[in-house]
Amino acid sequence: MDRVNDPYSAPDELGHFGEYGGRFVAETLIHALEELNELYESIKSDQAFWAAFDEDLTNYVGRPSPLYYAQRLTEHVSGAQIFLKREDLNHTGAHKINNTVGQALLASRMGKQRIIAETGAGQHGVATATVAARLGVECTVYMGADDIVRQAPNVYRMKMLGTHVESVSSGSRTLKDAMNEAMRDWVTNVDTTHYIIGSVAGPHPYPAMVRDFQAVIGRECRAQCEERFGGLPEALIACVGGGSNAMGLFYPFVNDLKVELIGVEAAGKGLSTDEHAASLCEGKPGVLHGSRTYLLADDDGLIKETSSISAGLDYPGVGPEHSYWKDLQRAQYVAVTDEQAIEAFHLLNRLEGILPALESSHAIAYALIEAAKRPSSDRIVINLSGRGDKDIGTMAEIDGIQI
Amino acid sequence: MSRLTGCFAQLQEQGKKAFVSFITAGDPEPSVTVPALHSLVEGGVDILELGVPFSDPEADGPSIQRSSERALQQGVTLSMVLDMVSDFRKSNEHTPIVLMGYLNSILSMGESTFFERASQCGVDGLIMVNLPPEESSGLSIHAEANEIDLIYLVAPTTPDKRIKLIVENVQGFIYYVSLKGITGASHLDTASVEEQVSVLKSHAKLPIVVGFGIKTPEQAAASASLADGIVVGSELVDTMATTQSNELIPERLQAKAQSFRDALDG
Ligand SMILES: Cc1ncc(COP(=O)(O)O)c(C=O)c1O
């Protein structure tokens, strides 16, 4: 860990996290990214900006989110104590709103009259549609045609919020294709439009900026742990799609080397099959969607189609800072299968009365394994990144039930 | 002198504008590409851009996206694209060839392997859509060692300060993107191109070629009058896509190219 600066200071001014990150986009977008970066740099020390952000988080999002001791789950595992950081209780039902509230403030400072976004599970789409409604600006959300089917409730929610949902039927018809289409829109409408990327991915400054908005999760968690048990937890566990809920929880602990950081990717039908979305576990470095990062690509560099029961994790790339942390071994990345996630999904319902998102269920599944290996004096915090209402259709279908 | 430099010098001597064509390698099937390239030259093309198909062409419109998909369905790889260039060179030693595509294809082959092979096969230049000069240090060493020009784009949104940076780094020619948008867009406005190209000219030491959105011979002639040349892409790709049988593609491409050549020389 001696290569991580103390205090940690990545990225550099061109957005590089070691050899990852950067700005690999068409020339047309460079100026917009430079402008966004200038604004983002200027708000870092702007107290009025952060006061407005905090106000929204408190009174609109409903923060702080609770840190809940999952006693029955802990007893079930009989190992480390398990706590849940309840991002599922946020307005709109996931951590995604933390970022969209922040970027909405930036969009209105830039005077942009139109907002676009990509979405997989639809949670980021809903969170974007929500802030767009509140700003009174036009909004288009790009969503893969397959995801539109499996996350139908969120599609309808976006429509009710006045957002236009654009179905993307190219490529694998999931999140990566939605992101391609959003980039094409942005290139065309760059003067009027702000693109709210939904994870710690994309070209600089998005990975750092989204991290900084999501870091409220980890800051609250630190304070809650101190208050609750007078110290820091031994481990933090979060699912990783693009990596924003994980980064948001982990980042405020980056210099606390005793706190283990564990990111859980989607192993789909298994890492030994080709049907998974575990970019960090199974991928290799490459360039996609504006940054250099671990990717799932074939020998010719073509991006592979991924597979996961959870639309929000079904993505062949990952935020560049996670790639950096993997190589530095500051965080550890593992993967759990669809089957394990489904089991965890049911378990949390039955033992704790909490309906988790399928994405978050991956973190729970791995936490069960991790907690079992540890003594009861250890404390593990799981980021419960979202609630599972959107997944009821998928689960019912698996169980052969018509709803 | 490199093929690109020689080509522009000769055009200038003749008082002609450069006609640059774009088609995707392997579209609609690999055997069509080399004959298609020869037919474009027959139809008056000066410089050949050859697209390397990629799974996620984020700066391309529907026409070129679909051409990429067709080629990938045929299993076309970067290695096969290089073989096509080598094949083309057997009977054409003089027409410059520029590969255009996305960075991950080259990173996967490995920079040094790619540039060595590209140079041996007769590639003259490279346009990486998602590689701005700030990120190109890794590639430029190999490009230089193998005498392949790295060509950068300048966009309508590029501020003056960046134009200087790009002009200092660019080789071969400068590619001016004539509109804010993706390839194949149809909102080309030659008046605004004129204004921006004249700013660009005041900095540029190399020829300026205008591309994106040029679909008709009239647009080609109008854009060419502002710069040193023009690129036609989606229109040629569409011509290929709407040709009933693959055998007829060279003939139709040649006729299409000729209509642009005539307008440019007109
Ligand atoms: C509830 C939930 N968790 C996690 C994710 C994955 O995204 P990230 O890895 O950026 O947190 C999503 C994305 O849609 C989500 O909706």
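Computed from a predicted model, the values in this text were never measured in an experiment. (Residues numbered from 1 in each chain as written. Chains lettered and ligands numbered in written order. Predicted model: local features only at pLDDT ≥ 70, side-chain atom pairs only at ≥ 80, totals over all residues. Heavy atoms only, no water.)

Caption draft 1: Seen up close, the site of the ligand. Residues and elements named next belong to chain A. Around the ligand, 18 residues are found, and the nearest of them are Ser199, Gly241, Gly243, Ser244 and Ser385. At 2.7 Å from an oxygen atom of the ligand is found a main-chain nitrogen or oxygen belonging to Gly241. For the ligand, an oxygen atom lies 2.8 Å from a polar atom in the side chain of Asn245. About the coverage of the ligand: the protein hides 98% of its 390 Å² of free accessible area. For the shell around the ligand, the class distribution of residues is 5 nonpolar, 11 polar and 2 charged. (Near = heavy atom within 4 Å. Polar contact = N/O pair within 3.5 Å; in protein donor to acceptor, adjacent residues only side chain to side chain. Areas by Shrake-Rupley, 256 points an atom, 1.4 Å probe, with all protein chains shown as cover. Nonpolar A, V, L, I, M, F, W, Y, C, P; charged D, E, K, R; others polar.)

Caption draft 2: Seen up close, a nonpolar patch on the surface. Residue and element names in this part refer to chain A. A contiguous nonpolar surface patch, about 320 Å² in accessible area, is contributed by Ile392, Ile401 and Ile403. Counting through the fold element by element, Ile392 comes out in helix α16 (residues 392-398). Ile392 gets classed as partly exposed once you look at its relative accessible area, which sits at 38%. (Patch = residues over 30% accessible without salt bridge, like charges linked within 9 Å, V, L, I, M, F, W, Y side chains within 5 Å. Salt bridge = Lys/Arg side-chain N within 4 Å of Asp/Glu carboxyl O. Helix = DSSP H or I, 4+ residues; strand = E, 2+ residues; numbered from the N terminus. Buried < 20%, exposed > 50% of the residue type's maximum accessible area, 1.4 Å probe, protein only.)

Caption draft 3: Structural view of the sheet that holds strand β6 (residues 153-154) of chain B. Residue and element names in this part refer to chain B. Sheet architecture is open: 9 strands sit in the order β5-β4-β3-β2-β1-β9-β8-β7-β6, paired in parallel fashion. The open sheet terminates on both sides in strands that have one partner only, identified here as β5 (149-150) and β6. Pairing geometry for strand β4 (residues 125-128) and β5, over 2 bridges, is parallel. Within β5, the residue paired with Leu126 across the bridge is Leu150. (Pairing = 2+ DSSP bridges.)

Caption draft 4: Representation of the nonpolar core in the model. In terms of nonpolar packing, the biggest core is built from 189 residues, with A:Trp186, A:Tyr195, A:Trp325, B:Leu99, B:Phe114, B:Leu126 and B:Tyr175 touching the most fellow members. Broken down by element, the residue count for this core peaks at 8 residues, all from helix α1 (residues 27-43) of chain A. (Core = buried A, V, L, I, M, F, W, Y, C linked by side-chain atoms within 4.5 Å.)

Caption draft 5: Spatial organisation of helix α11 (residues 234-241) of chain B. Residues and elements named next belong to chain B. Among the 8 residues that make up α11, 6 are buried, leaving the element largely enclosed by the rest of the structure. Looking only at α11, the buried set comprises Ser234, Glu235, Leu236, Val237, Thr239 and Met240. Among the structural elements, β1 (18-24), α2 (30-42), α3 (62-73), β9 (229-232) and α12 (249-265) are those in contact with the buried residues of α11. (Contact = heavy atoms within 4.5 Å.)

Caption draft 6: How the structure looks around the interface of chain B and chain A. Across the contact, 36 residues belong to chain B and 39 residues belong to chain A. Interface of chain B and chain A: buried area, both sides summed, is about 2,800 Å²; carbon and sulfur atoms make up 53% of it. A per-residue breakdown of the area chain B buries against chain A is headed by B:Asp56, B:Glu58 and B:Glu135, which together make up 22% of the total. Counting across the chain B and chain A interface gives 4 salt bridges. In this structure, B:Asp56 engages A:Lys176 in a salt bridge whose closest nitrogen and oxygen atoms are separated by 2.8 Å. Remark: the boundary between chain B and chain A carries 14 residue pairs in polar contact (both at pLDDT 80 or more). (Buried area = accessible area lost by both parts, 1.4 Å probe.)

Caption draft 7: Region of the structure containing the sheet that holds strand β14 (residues 379-384) of chain A. All names here are of chain A. An order of β3-β4-β14-β9-β10-β13 is seen for the 6 strands of this open sheet, with the pairing classed as mixed. Every other strand in the sheet has two partners, leaving β3 (67-69) and β13 (331-337) as the edge strands with one partner each. On average, each strand axis in the sheet is inclined to that of its neighbour by 30 degrees, with strand direction left out of account. In the sheet, strand β9 (residues 235-239) pairs with β14 via 3 bridges, with the strands oriented parallel. Each residue of the ladder has a partner; that of Ala235, found in β14, is Ile380. Against the sheet, helix α10 (residues 216-229) engages β3, β4 (81-86) and β14, with an angle of about 140 degrees to β4. Most of the contacts of helix α14 (residues 338-352) go to β13, to which it runs at about 90 degrees, and overall it touches β3, β4, β10 (260-268), β13 and β14. (Axes fitted to C-alpha atoms, helices over the stretch in contact; angles between N-to-C directions.)

Caption draft 8: Examining the packing of helix α8 (residues 160-169) of chain B against helix α9 (residues 190-203) of chain B more closely. All names here are of chain B. Where α8 meets α9, the axes come as close as 10 Å, and the angle between the chain directions of the two elements is 50 degrees. In terms of orientation, α8 lies oblique with respect to α9. Considering how the two elements wind past one another, α8 and α9 form a crossing that is right-handed. Side by side, α8 and α9 meet where Asp160, Ile163, Lys164 and Val167 of the first sit next to Val199, Leu200 and His203 of the second. (Parallel < 35°, antiparallel > 145°, perpendicular 65-115°, else oblique. Left-handed = near helix turned anticlockwise from the far one by under 90°.)

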